[in-house]
Amino acid sequence: MVKHRKTVQYKHANNESSSSSGASDTSIAGRAFHLLSVWKTGAGFICLAIAVYVGTLGYLETRVNTPLDEEKVVQETGLSVPERYWGTYRPGVYFGMKCREPRSPVFGMMWYELAAAAHKGIRHLCEQNDNLPTYGWLRHDGLNFGEQLISDPPHQIHTSFIKTPGGEHGGHWTARINITATGKSAPPLVLIWYAALDESLGSGSHSRLWAERGTLMGHTPALGRFRVHLVPHSGILIHSSLSEAHSAGLHLLKEKFYSLLRIEDQPYLGRLAVLGPDEEIADSDKEVNFVPIQMLVETPFVLDVVYTTEDLPTPPVRGDEYTKTMEKLKMGYDEEFERIFNLEKKGYSAQDISIARAALSNMVGGMGYFYGASRVQSKYTREPVPYWRAALHTAVPSRSFFPRGFLWDEGFHLLLVSWWSADLALDVAAHWLDLINVEGWIPREQILGVEALARVPKEFVVQHNSAANPPMLLLSLARLVRSRPHLFTETPYRQTLDRMFPRLQAWYQWFLTTQKGDEPTTYRWRGREDDGFQLNPKTLTSGLDDYPRASHPSSIERHVDLRCWMYAAADAMAVIARALDRDTDKFEDMKEQLGNEDLLNELHWSPHTQTYADYGLHTDGVRFVRQQARDPQEGARVVRSVTIAPQPRLVTSAFGYVSLFPMLMKVLKPESDKLGNILEMLDKPDLLWSPYGLRSLSKLSPLYMKRNTEHDPPYWRGQVWININYLAISALHHYSVSGGPHAARAKSLHQRLRDNVVSNILSEYKRTGYLWEQYSGEDGKGSGCRPFTGWTALVVLLMADEY
């Protein structure tokens, strides 16, 4: 019995052992399957994560050059706006015409003296080194006509144009070139008129140029067939020649012209440089895209250049009719100028008024139409990538040195332009806002087309999407809405503003998110880099370039000017939103937060110096030393040496424009004691005050008028700049009429500063023939580039007392 039981137990045990072995095998297989499933799932997740990462990276890479998905502000352009179709939209040349089409033919003028060609060269692009005594528009209405004086002793060249509307191809125009000379023995002048096509836009456009019996001929899809007659009607045309040629680009037209000249013996004239055939065309299949006509003339000489198309309901003006029409247009312009600005009533002399007219005329006459794609980069793109191709109608700061669009400059330009023509100002602003990308970013410098690109140093070509620029354009639009509220109750203007709003909102939001500082309500300009060669690393994005900031760039920086810009931007957004009956709460809340003076003082006020200042990692113990480079062939170089370690602190040693921003942007209340401190310091000649305007940096600052590198002279380190002086005069006017304990002092400063700035600009124009980029705080002399009829043209508004 027991045995049996043992046997059964043994058998049972064997069965258990057998079952256990089977279960173990099953368990191992299950675990292996589980591990395989986990591995596959993990691998799947990893692959998915990689795919998501790659996809996200690809998406982020494309954001920098993806347009904002909102309705375009510019609804009509080209032939849809015939009154603005043709114009002097080539500000970088002394005289030229083109239309607002990407594939517009361009027309222009060159000249040289026969006896002085070897050392004066051919005049074509506006160049600083040409050292002309003066040139620029005397009158230009931005629409129908303009007249310009170019002084190139012993010759005076008057250029002008009149547009004739009509037809289906943008109307017609006549340009007049009137050349006179001083002295009895002035040498003959060689005048060149040309037509050209933009090679950079590629072939296949079905555009053509050719010459036919001395007449320029052409055809484009937009214009149809056109012709340009050259009609001399005063003076002596000694000799003429022409060529049909191929140029590698609009920026190389002068060089191409040189290559076409041939020395020939001419009867009665001797050896003469004349235009010959283009060998490049003869030996290849390249098409004609450049037709120059050269004329050897004796002065006085008058030439009418008459552009016509085949549909000609109204013939263009010429000859005596041109003269009479021009006189009527000039008279009408002068009357309109006086109606708007009232300078004669304010007691200005005829000469001063003519300077003001020239300032406005160079602003609107210096507008360009550009087409192309910027080069942009973000932290997600390894190399620069092209922005989308787009058009830009914009004013330019300087025809000779900056013949392209700059974002914060344009905001100041529109302050003046909007007084002259709200339509023109809105058209320009619309073109700028259509350049905004999906992130809400607008490239701060627009280098569109080969003519613009050829004149920009390589290191400034690429635009980075972390780089801001002061939102002055937004403030200008709000000023226009504020000053003419009735305008935006009318349908076309209201619709335009309505299309602008989501773009302005995206731009405003971009500032709030990308330029914020480490602490709440603080902001920091991006783009500062310490390369070891700058005495104080530049902040190009602020617009104030080498103005001293914290000596060692870091993420702890707080920039008081940017914080004040954001206050003004919030206010501007509220003004525009209110005009469109949109919700203003978030803009008002931000304005209230940034307008909190206690918080502003906590972040930026120095009780020690009684000034507002930036905050950052800073030391004043910096100097230049000469250091031997590692490579002996490179020689010695100047580098920055730090003698005192930087500390987190307010940058109080740099008292200047940045210190004034709480006043400039009207952040401070009229009763603020800090406003009183600023006004008191403003009036001290050993700081910012000068007989010529406010200096950009105090004379007591360690970096006053100091070079920033071995090769960079001081720029915003003491010179008088008109845009900031305009903001200061505007703010002083505001505080003078707002009541409070400082109103009387603000009024006195307003009147004195305004008079100082205006009188110096006018006297320097009379002395030099130009408006200048900046003025010396020591003797008032113009410096930087000229002509600078960008924001220096705000002198017109200062003369008119309009803010």
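Presented here is a report on the structure given in the accompanying data block. Throughout this document, residue positions are counted from 1 along each chain, in the order its sequence is written. Confidence filtering applies because this is a predicted model: local features only for residues at pLDDT of at least 70, side-chain atom pairs given and counted only at 80 or more, and all residues used for totals across whole chains, interfaces and linings. Here the side-chain values reflect all heavy atoms present in the structure, with hydrogen atoms and water set aside.

Once that is clear, we can look at the overall build of the chain. Secondary structure elements are taken from DSSP: a helix is a run of H or I of four residues or more, a strand is a run of E of two residues or more, and numbering for both begins at the N terminus. Each helix and strand counted, the chain has 19 helices and 29 strands in total. For the chain, the spread of C-alpha atoms along the three principal axes comes to 150 × 75 × 70 Å. Classification of residues uses two cut-offs on accessible area relative to the type maximum, computed with a 1.4 Å probe and protein chains only: under 20% is buried, over 50% is exposed, and between them is partly exposed. Looking at the chain residue by residue over its 803 residues, the buried ones come to 57%. Looking at the chain alone, contacts between residues at least 24 apart form 69% of all its contacts between residues at least 6 apart. Pairs of residues are marked as contacts when any of their non-hydrogen atoms sit within 4.5 Å.

Here we come to the side chain of His618. When you line up the elements, His618 lands in strand 24 (residues 615-618). Of note is the side chain of His618, whose polar atom sits 3.0 Å from the backbone nitrogen of Ser551. The contact partners of His618, leaving out residues within four places of it in the chain, are Arg549, Ala550, Ser551, Pro646, Gln647, Arg649, Val651 and Ser653. Polar contact is the term for a pair of N or O atoms within 3.5 Å; when the atoms are in protein, one must be able to donate a hydrogen and the other to accept it, and sequence-neighboring residues count only if both atoms are side-chain atoms.

This part takes up the packing of helix 6 (residues 350-365) against helix 18 (residues 743-768). Helix packing geometry: the angle between the two helix axes and the distance between the axes. Lines fitted to C-alpha atoms define the axes here, with helix axes fitted over just the stretch in contact, and angles between the N-to-C directions of these axes take values from 0 to 180 degrees. Between helix 6 and helix 18, whose axes approach to 11 Å, the crossing angle comes to 90°. Comparing the axis directions of helix 6 and helix 18 gives the class roughly perpendicular. Contacts between helix 6 and helix 18 involve Gln351, Asp352, Ile355 and Ala358 from the first element and Leu762, Tyr765 and Lys766 from the second. Under the convention adopted here, Pro, Cys and the residues Ala, Val, Leu, Ile, Met, Phe, Trp and Tyr are nonpolar, Asp, Glu, Lys and Arg are charged, and Gly plus all remaining residues are polar. Here the residues of the contact of helix 6 with helix 18 are counted per class, giving four nonpolar, one polar and two charged. Under this scheme an angle from 65 to 115 degrees is roughly perpendicular, one under 35 degrees roughly parallel, and one over 145 degrees roughly antiparallel; angles in between are oblique.

Two rings from Phe, Tyr or Trp (for Trp, the six-membered ring) form a pair when their centres sit within 6.5 Å of each other. Planes less than 30 degrees apart are called stacked, planes more than 60 degrees apart edge-to-face, and all others tilted. Enumeration over the complete set of coordinates arrives at 44 aromatic pairs. Judged by centre distance (6.1 Å) and plane angle (80°), the rings of Phe145 and Tyr333 are edge-to-face. Linking Phe145 in strand 5 (residues 145-152) with Tyr333 in helix 5 (residues 319-341), this pair joins segments that are 188 residues apart in sequence. Across the pair, Tyr333 and Phe145 agree in class, each one buried. Sitting over a ring, as applied to charges here, requires NZ of Lys or CZ of Arg to be within 6 Å of the ring centre and within 35 degrees of the ring normal. Its guanidinium or amino end placed over the ring of Trp210, Arg208 lies 4.3 Å from that ring's centre, counting from NZ or CZ. Over the aromatic face of Tyr770 sits the side chain of Arg786, whose NZ or CZ is 5.6 Å from the ring centroid.

Attention now goes to the environment of Ser653. Structurally, Ser653 is set in the loop between strand 27 (647-650) and helix 15 (661-664). In this structure the C-alpha to C-alpha distance between Ser653 and Arg549, which are 104 residues apart in sequence, comes to 9.6 Å.

Like charges are joined within 9 Å and nonpolar side chains (Val, Leu, Ile, Met, Phe, Trp, Tyr) within 5 Å, but only among residues with over 30% relative accessible area and no salt bridge; these make up the patches. All accessibility values rest on the Shrake-Rupley procedure with a 1.4 Å probe; residue burial counts only the protein chains present in the view. Salt bridge, as applied in this entry: a Lys or Arg side-chain nitrogen positioned within 4 Å of an Asp or Glu carboxyl oxygen. We count Lys and Arg on the positive side and Asp and Glu on the negative side, and we leave His and both chain ends out. To locate a charge, take NZ of a lysine, CZ of an arginine, CG of an aspartate or CD of a glutamate. A cluster of like negative charges, contributed by Asp583, Asp585, Asp589 and Glu592, occupies part of the molecular surface. Among the secondary structure elements, Asp589 is positioned in helix 13 (residues 585-594).

The next subject is the packing of helix 16 (residues 673-682) against helix 18. Helix 18 packs onto helix 16 with a crossing angle of 35° between their chain directions and a minimal axis gap of 11 Å. The crossing of helix 16 and helix 18 is left-handed. Residues Leu679, Glu680 and Leu682 of helix 16 form the contact with helix 18, whose own contacting residues are Arg745, Ala746 and Leu749. Classifying every residue of the contact of helix 16 with helix 18 by side-chain character gives four nonpolar, no polar and two charged. Left-handed describes a crossing whose near helix is turned anticlockwise from the far helix by less than a right angle; the clockwise case is right-handed.

This next bit is on helix 16. Counted residue by residue, helix 16 has eight buried out of ten residues, so it is predominantly covered. Looking only at helix 16, the buried set comprises Lys674, Leu675, Gly676, Asn677, Ile678, Leu679, Met681 and Leu682. Considering only its buried residues, helix 16 is in contact with helix 14 (597-604), strand 22 (605-606), strand 23 (611-612), helix 15, helix 17 (722-736) and helix 18. Sitting at the head of helix 16, Ser672 places a side-chain oxygen 3.1 Å from the backbone nitrogen of Lys674.

Once that is clear, we can look at the pattern of salt bridges. Pairing between side chains of opposite charge can happen when their charged atoms approach one another. Across all of its chains, the model carries 44 salt bridges by this definition. Here Arg339 ties to Glu336 by a salt bridge, and the two come within 2.8 Å at their closest N and O atoms. In this pair, Arg339 and Glu336 both sit in helix 5, three residues apart, roughly one turn of the helix. Overall, the relative accessible area of 29% leaves Glu336 in the partly exposed class. Connected via shared salt-bridge partners are Arg139, Glu147, Glu327, Lys330, Asp334 and Arg357.

Moving on, we come to the nonpolar core. If you look at soluble globular proteins, the nonpolar side chains tend to sit buried side by side. We call a set of buried residues a nonpolar core when its members are Ala, Val, Leu, Ile, Met, Phe, Trp, Tyr or Cys and they connect through side-chain atoms within 4.5 Å of each other. One finds Trp193, Phe341 and Met663 to be the most contacted residues of the largest nonpolar core, which totals 208 residues. Broken down by element, this core gets its largest block of residues, 15 residues, from helix 12 (residues 560-579). Of all hydrophobic cores here, the second largest spans 19 residues; its members include Val106, Ile122, Leu272 and Leu296.

Further remarks concern helix 7 (residues 407-420). Given the number of residues in a helix, its expected span is that number minus one, multiplied by 1.5 Å. Compared with an ideal rise of 1.5 Å per residue, which puts 14 residues at 20 Å, helix 7 spans 20 Å between its outermost C-alpha atoms and is within 8% of the ideal. Fitting axes to the seven residues ending at a residue and to the seven starting there, one defines the bend at that residue as the angle between these axes. Maximal helix bending in helix 7 amounts to about 30°, located at Leu414. In terms of burial, helix 7 is a largely internal element, 13 of the 14 residues being buried.

All right, on to the sheet that holds strand 21 (residues 462-464) then. Between any two strands, at least two bridges found by DSSP are needed for them to pair. A sheet is described by the order of its strands in space; here three strands give the open sequence 17-16-21, paired in mixed fashion. Looking at the sheet topology across the chains shown, the edges are occupied by strand 17 (385-386) and strand 21. Pairing of strand 16 (residues 375-377) with strand 21, which is carried by three bridges, proceeds in the parallel orientation. Along strand 21, the bridge assignment pairs Arg375 with Val462.

Geometrically, the link from Pro153 to Pro154 is a cis peptide bond, its omega value of 10° lying close to zero. Positionally, Pro154 belongs in the loop between strand 5 and strand 6 (155-164). Backbone geometry at Asp545 places phi at a positive 45°, although glycine is not the residue there. Examined against the element boundaries, Asp545 turns out to sit in the loop between helix 11 (491-514) and helix 12. Positive phi, close to 60°, is recorded for Gln610, a residue that is not glycine. With respect to the helices, strands and loops of the structure, Gln610 is situated in the loop between strand 22 and strand 23. Taking the relative accessible area as the measure of exposure, Gln610 reaches 32% and is therefore partly exposed.

Side-chain direction in a regular strand flips from residue to residue, so the side chains alternate between the two faces of the sheet. The element strand 10 (residues 215-220) is extensively covered by neighbouring structure, given that five of its six residues are classed as buried. Sheet topology note: the strand 9 (residues 208-212)/strand 10 ladder contains five bridges and is antiparallel. In the sheet register, Glu212 faces strand 10, and the bridge partner there is Thr215. Connecting the antiparallel pair strand 9 and strand 10 is a turn made up of two residues, with Arg213 showing a positive phi of about 50°. From the end of strand 10 to the start of strand 11 (residues 224-242), which pair antiparallel, there are three residues.

So, on to the pairing of strand 18 (residues 390-394). The buried count for strand 18 comes to four of five residues, which makes it a mostly enclosed element. Note: strand 15 (residues 368-372) against strand 18, five bridges, orientation antiparallel. Counterpart to Gly372 in the pairing with strand 18 is Ala390.

Counting through the fold element by element, Phe402 comes out in the loop between strand 18 and strand 19 (405-406). Sequence separation between Phe402 and Cys785 is 383 residues; the distance between their C-alpha atoms is 8.9 Å. The residues contacting Phe402, other than those within four sequence positions of it, are Val396, Pro397, Tyr715, Glu773, Cys785 and Phe788.

What follows covers the state of the cysteines. Criterion for a disulfide: a pair of cysteine sulfur atoms within 2.5 Å. Counted by the stated rule, this structure contains zero disulfides. No disulfide involves Cys126; its sulfur sits 12 Å from the nearest other cysteine sulfur, which is in Cys785. Relative accessible area serves as the criterion here: at 0%, Cys126 is assigned to the buried category.

This brings us to the side chain of Gln294. By the element assignment, Gln294 lies in strand 14 (residues 290-309). A distance of 3.0 Å separates the side chain of Gln294 from the side chain of Tyr112, its partner in a polar contact. Separated by 2.8 Å, the side chain of Gln294 and the backbone oxygen of Ala273 make a polar contact. Beyond its immediate stretch of four places on either side in the chain, Gln294 contacts Tyr112, Val190, Leu191, Ile192, His239, Ser240, Ser241, Phe257, Leu261, Ala273, Val274 and Leu275.

Don't take any of this as a statement about function, it's just geometry.
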